[in-house]
Amino acid sequence: MSIIEVNGLHKEFLIAKRETGVMGAIKSLFKREFTKKEAVKDISFSIEKGEMVGYIGPNGAGKSTTIKMLTGILVPSAGEVTVNGIIPYENRQANAKNIGVVFGQRTQLWWDLPTIESFELLKAIYRVPDKRYKENMAIFQEILGLDEFINTPVRQLSLGQRMRADIAASLLHDPPILFLDEPTIGLDVVAKEKMRTFIQEINREKQVTVILTTHDMEDIEKLCQRMVLIDHGQKVYDGEILAVKERFGKMRTLVVDLEETSKQLYVTGGALVKQEGYRYWIRFNRDEISASDLITQISQTHNIKDLTVEEPVIESIISRIYQEGFTEQHETVHI
Amino acid sequence: MGQLNMYWTFTKKAFLRSSVYRFEVWSRTGSNLIFLVMWGSIWTALYAGKEEAAGVSFTAMLTYIVVSKFLDGVNEAGTPLWDIQEKVRTGDISLELMRPFDVPLRYLFADFGSVAFYMLTALLPIYFLLFLFMDLTLPTDGFTWIYFILSAFLGFLIRYCVEMTFGLLTFFLVETGGIEDIFYFAMSLLSGSVIPLWFFPGWLETIALYLPFQSIFFLPISIFIGEINGSQIFTSLGIQFFWLVVCYLILRLVWNRASHKVVVQGG
Ligand SMILES: Nc1ncnc2c1ncn2[C@@H]1O[C@H](COP(=O)(O)OP(=O)(O)OP(=O)(O)O)[C@@H](O)[C@H]1O
Ligand SMILES: [Mg+2]
């Protein structure tokens, strides 16, 4: 059995309708109306020990909701979850010992205690033996540089420091599984890089299984081989990141600036996807037409002032999938 | 054993954390003493030179107020209602469901730490001096002291259960003003913290006697000043124990409903 199994997972929230005005308030005392919100619809995946999986999707896709079900603080409406052989919501405390969790949006450290005190508290909560505690702390000090701020109360830490403290705290009890919900949110470039190195290292050295959600595709590209892409609570892709790149990587975008007096541009072999004034974005499939052919074609009827060819980075591939769905783009629509 | 050790760590950390908020200790002590002076003066005026009222001597009444303010200080050093409400609203408590400990128990043990700190650094020294320099009645035998401490501790636990329960109701309510009003009314009046129950009109006294709040102030203080004595002491302790069990069960029920709500509805 895989270390994490998710099968036909559903979660719907009932949201009480807030009535407006006094009459509404009185009415709601007697009868509350609810609207249903399906946050996760029929998601299945399984993750093997030691894997590092990017769990991505646009805002409100249901990522955090899924993570919460994996931690046991949300009960699924339907479907099955097992984490390290345990059903999280049935056995929350046992599950807690197997997992480390970081919610980038909020700290789980004790707000008014110095950072070190939070660690000592966690040591007692998870019954980490002295020796392991010292060893782990030494590693965290070294890679995450905790000693800079170990005596500062958590509420006074900078975002980057807090995030470093949070991830160290999540790993103090050597959990075999780590859930990271936006661990790089709000970090500067250097801090992000450090965080990634750290995650990579613990995955490699300790074989920690990691599920990572993020809106920074660089995180995914640098850390994960596999990604699960969800949208509106449904899984749209599950597989290698390389495969996505292969599949969508053939698409290029030619950006041309034309002379200001030019008439409207028409091209064949590419699709005009955007236009701002005299700047045109033309998407084309590398296998069907070469950039130079396109340029030659345009320059026969128009004067080109400037041009660039954009290669799709994973970032733009994903954002296109968000916008247009996961279907292969073969359009050679002529505009 | 390991369990207890873990909760004990919360006590130690809370003790240390309290030392960070030295200003809070001072301001809390200040307001505690202001209220002591205020209620002391009110009762002095009410007695108006009389030796006795409702069969209770002026000295005993003054002692009642002083002990009451001491217990007030002890109880207020725990996690206050507004803080529990805040932790519910921000989702801090919901997130603690992810930890391998029991949430209400962990808050209780943390409260032990904050209370211990406040008692050692402020309450005990100050009230020791008050008893030294004021004309107050002290229990003469050691047993009364022991019963008082036991009774006050039961009262503390009951207050904890009640306050936590009221705080957790925030999970179910959009508007918590009503809850706060009821809580503070019960804590200040029905508990007998500023007016002993024997001065209540009959109907109110009856109500108060059938509620758990008298266990927090009225019963332990009455034991202290000797108004409750002999076998009555055991009746009182029995009543307190009964209410502790009831309040604890209610807290458990509300906590189960609250955590159920968190895990089903997401808070
Ligand atoms: N406790 C809740 N009650 C009601 N609806 C909720 C609750 N939690 C989440 N939702 C809804 O469920 C959907 C999924 O939310 P979720 O937080 O899982 O998204 P996400 O993928 O993590 O998004 P983001 O990238 O913005 O963090 C959203 O539409 C959200 O409004
Ligand atoms: Mg989220």
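Residues numbered from 1 in each chain as written. Chains lettered and ligands numbered in written order. Predicted model: local features only at pLDDT ≥ 70, side-chain atom pairs only at ≥ 80, totals over all residues. Heavy atoms only, no water.

- Looking at an unreviewed UniProt entry, chain B carries the name ABC transporter permease, with the source organism given as Bacillus yapensis.

- For chain A, the name recorded in an unreviewed UniProt entry is ATP-binding cassette domain-containing protein, with Bacillus yapensis as its organism.

1. Looking at the overall build of chain B
- Within chain B one finds 11 helices and 2 strands.
- Tracing chain B from N to C terminus, the helices and strands come up as α-α-β-β-α-α-α-α-α-α-α-α-α.
- In summary, chain B has a C-alpha radius of gyration of 19 Å against a globular reference of 18 Å for 267 residues, a match within 12%.
- Referenced to the eigenvectors of the C-alpha coordinate spread, the extents of chain B come out at roughly 60 × 40 × 35 Å.
- Counting across all 267 residues of chain B, residues that qualify as buried make up 53%.
- In chain B, of all internal contacts separated by at least 6 residues, the share reaching a separation of at least 24 is 79%.
- By element, 70% of the accessible surface of chain B is carried by carbon and sulfur atoms, the whole surface being about 12,300 Å².
- Where the 15 positive side-chain charges of chain B centre and where its 19 negative ones centre are 12 Å apart. (Helix = DSSP H or I, 4+ residues; strand = E, 2+ residues; numbered from the N terminus. Rg over C-alpha atoms; globule rule 2.2 N^0.38 Å. Buried < 20%, exposed > 50% of the residue type's maximum accessible area, 1.4 Å probe, protein only. Contact = heavy atoms within 4.5 Å. Areas by Shrake-Rupley, 256 points an atom, 1.4 Å probe, with all protein chains shown as cover. Lys, Arg positive; Asp, Glu negative; His and termini not counted. Charge placed at Lys NZ, Arg CZ, Asp CG, Glu CD.)

2. Quick word on the domain arrangement of chain A
- When the domains of chain A are assigned, the result is domain 1 (4-245) and domain 2 (250-311).
- Between the C-alpha centres of domain 1 of chain A and domain 2 of chain A the distance comes to 43 Å. (Domains from an automatic or database assignment.)

3. Some thoughts on the UniProt feature "transmembrane region" (unreviewed entry) in chain B
Residues and elements named next belong to chain B.
- Listed under "transmembrane region" (unreviewed entry) in the UniProt record, and renumbered for this structure, are residues 25-46, 107-133, 145-162, 182-200, 207-226 and 232-251.
- The distance separating the terminal C-alpha atoms of residues 25-46 is 31 Å; by composition the span is 100% helix and 0% strand.
- In residues 182-200, the share of helix is 47% and the share of strand is 0%. The end C-alpha atoms are 18 Å apart. (UniProt positions renumbered as here; feature names shortened; annotations may be inferred.)

4. What to know about the side chain of Lys261 of chain B
All names here are of chain B.
- The topology assignment puts Lys261 in helix H11 (residues 232-265).
- As a buried residue without a salt bridge, Lys261 has its nearest oppositely charged side chain in Glu175, at a separation of 15 Å.
- For Lys261, the side chain forms a polar contact with the main-chain oxygen of Phe171, separated by 3.1 Å. (Salt bridge = Lys/Arg side-chain N within 4 Å of Asp/Glu carboxyl O. Polar contact = N/O pair within 3.5 Å; in protein donor to acceptor, adjacent residues only side chain to side chain.)

5. Some points on the pairing of strand E11 (residues 271-276) of chain A
Residues and elements named next belong to chain A.
- Sheet topology note: the E11/strand E12 (residues 279-285) ladder contains 5 bridges and is antiparallel. Of the residues in E12, the one forming a bridge with Ala271 is Arg283.
- Connecting E11 to the next strand, E12, in antiparallel fashion are 2 residues, including Gly277 with a positive phi near 60°. (Pairing = 2+ DSSP bridges.)

6. Thoughts on the interface of chain B and chain A
- Tallying the contact residues gives 29 residues for chain B and 29 residues for chain A.
- Taking both sides of the interface into account, the surface hidden between chain B and chain A amounts to around 2,600 Å²; carbon and sulfur atoms contribute 59%.
- For the pair chain B and chain A, the number of links is 3 salt bridges.
- Connecting chain B to chain A are 11 residue pairs in polar contact (both at pLDDT 80 or more).
- When residues of the side of chain B that touches chain A are assigned to their parent elements, the largest contribution, 9 residues, is made by helix H1 (residues 2-20) of chain B.
- Looking at side-chain class alone, the side of chain B that touches chain A contains 14 nonpolar, 8 polar and 7 charged residues. (Buried area = accessible area lost by both parts, 1.4 Å probe. Nonpolar A, V, L, I, M, F, W, Y, C, P; charged D, E, K, R; others polar.)

7. Description of empty space enclosed by the protein
- Applying the stated criterion across every chain, the model contains 1 cavity of 30 Å³ or more.
- Around the largest cavity, the lining comprises 13 residues; the ones closest to its centre are Val101, Gln108, Tyr126 and Ser170 of chain A together with Arg99 of chain B.
- Taken together, the elements giving at least two residues each to the lining of the largest cavity come down to strand E5 (99-103) and helix H6 (159-171) of chain A.
- Across the lining of the largest cavity, the residue classes break down as 7 nonpolar, 4 polar and 2 charged. (1 Å grid on protein atoms, 1.4 Å probe; cavity = no way out; pocket = protein on both sides within 12 Å on 5 of 7 lines; lining within 4 Å. Points joined across faces, edges and corners; volume = space filled by probe spheres on them.)

8. Observations regarding the pattern of salt bridges
- Considering all chains together, one arrives at 28 salt bridges over all chains under this definition.
- Residue Arg196 of chain A is joined to Asp216 of chain A by a salt bridge in which the shortest nitrogen-to-oxygen separation is 3.1 Å. Placement of the pair is Arg196 of chain A in helix H7 (residues 189-206) and Asp216 of chain A in the loop between strand E7 (209-213) and helix H8 (217-223), with a sequence separation of 20 residues. Each member of the pair, Arg196 of chain A as well as Asp216 of chain A, is classed as buried.
- As a salt-bridge pair, Arg159 of chain B and Glu163 of chain B come within 2.6 Å of each other at their nearest N and O atoms.

9. Structural notes on the nonpolar core
- With 171 residues, the main nonpolar core has Ile4 and Phe179 of chain A as its most contacted residues.
- With 13 residues, helix H7 (residues 142-168) of chain B is the single largest residue contributor to this core.
- Discounting residues that sit within four places of it in the chain, Phe179 of chain A has contacts with Ile4, Ile67, Leu70, Thr71, Val83, Ile99, Gly100, Val101, Val102 and Ile211 of chain A.
- The next biggest cluster of nonpolar side chains, apart from the first, holds 12 residues, and it includes Leu254, Leu258, Leu265 and Tyr280 of chain A. (Core = buried A, V, L, I, M, F, W, Y, C linked by side-chain atoms within 4.5 Å.)

10. So, the packing of helix H4 (residues 115-125) of chain A against H1 of chain B
- Following both chains from N to C, one finds H4 of chain A and H1 of chain B inclined at 165°, their axes separated by 8 Å at the closest point. Of the possible angle classes, the one that applies to H4 of chain A and H1 of chain B is roughly antiparallel. Like other packed secondary-structure pairs, H4 of chain A and H1 of chain B cross with a definite hand, here left-handed. Facing Glu117, Glu120, Leu121, Ala124 and Ile125 of chain A of H4 of chain A, the residues of H1 of chain B in contact are Met6, Thr9, Phe10, Lys13 and Leu16 of chain B.
- Partitioned by chemical class, the residues of the contact of H4 of chain A with H1 of chain B number 6 nonpolar, 1 polar and 3 charged. (Axes fitted to C-alpha atoms, helices over the stretch in contact; angles between N-to-C directions. Parallel < 35°, antiparallel > 145°, perpendicular 65-115°, else oblique. Left-handed = near helix turned anticlockwise from the far one by under 90°.)

11. Brief notes about the site of ligand 1
Residue and element names in this part refer to chain A.
- Taken together, 16 residues form the shell around ligand 1, and within it Gly60, Lys63, Ser64, Thr65 and His215 come nearest.
- For ligand 1, an oxygen atom lies 2.7 Å from a polar atom in the side chain of Lys63.
- Contact distances for ligand 1 include 2.7 Å between an oxygen atom and a side-chain N or O atom of Ser64.
- Coverage of ligand 1 by the protein chains reaches 71% of its 630 Å² of free accessible surface.
- For the shell around ligand 1, the secondary structure elements donating two or more residues are strand E1 (4-16), strand E2 (34-47) and helix H2 (63-71).
- It is H2 that provides the largest number of residues to the shell around ligand 1, a total of 3 residues. (Near = heavy atom within 4 Å.)

12. Some thoughts on the sheet that holds strand E6 (residues 177-181) of chain A
Residue and element names in this part refer to chain A.
- If you trace the 6 strands from one edge of the open sheet to the other, you get E5-E6-E7-E3-E8-E9, paired in mixed fashion. For this open sheet the edge positions go to E5 and strand E9 (234-240), each flanked by a neighbour on one side alone. Recorded for the sheet is a direction-independent mean angle of 15° between the axes of neighbouring strands.
- Summarising the sheet, strand E3 (residues 52-56) and E7 pair through 3 bridges and their orientation is parallel. Note on E7: the bridge partner recorded for Met52 is Val210.

13. Observations regarding a nonpolar patch on the surface
Residue and element names in this part refer to chain A.
- Nonpolar side chains collect at one region of the surface, where Val22, Met23, Ile26 and Phe30 lie side by side and expose about 500 Å² of accessible area between them.
- The residue Phe30 is located in helix H1 (residues 21-30) in this model.
- Assessed through its relative accessible area of 72%, Phe30 is described here as exposed. (Patch = residues over 30% accessible without salt bridge, like charges linked within 9 Å, V, L, I, M, F, W, Y side chains within 5 Å.)

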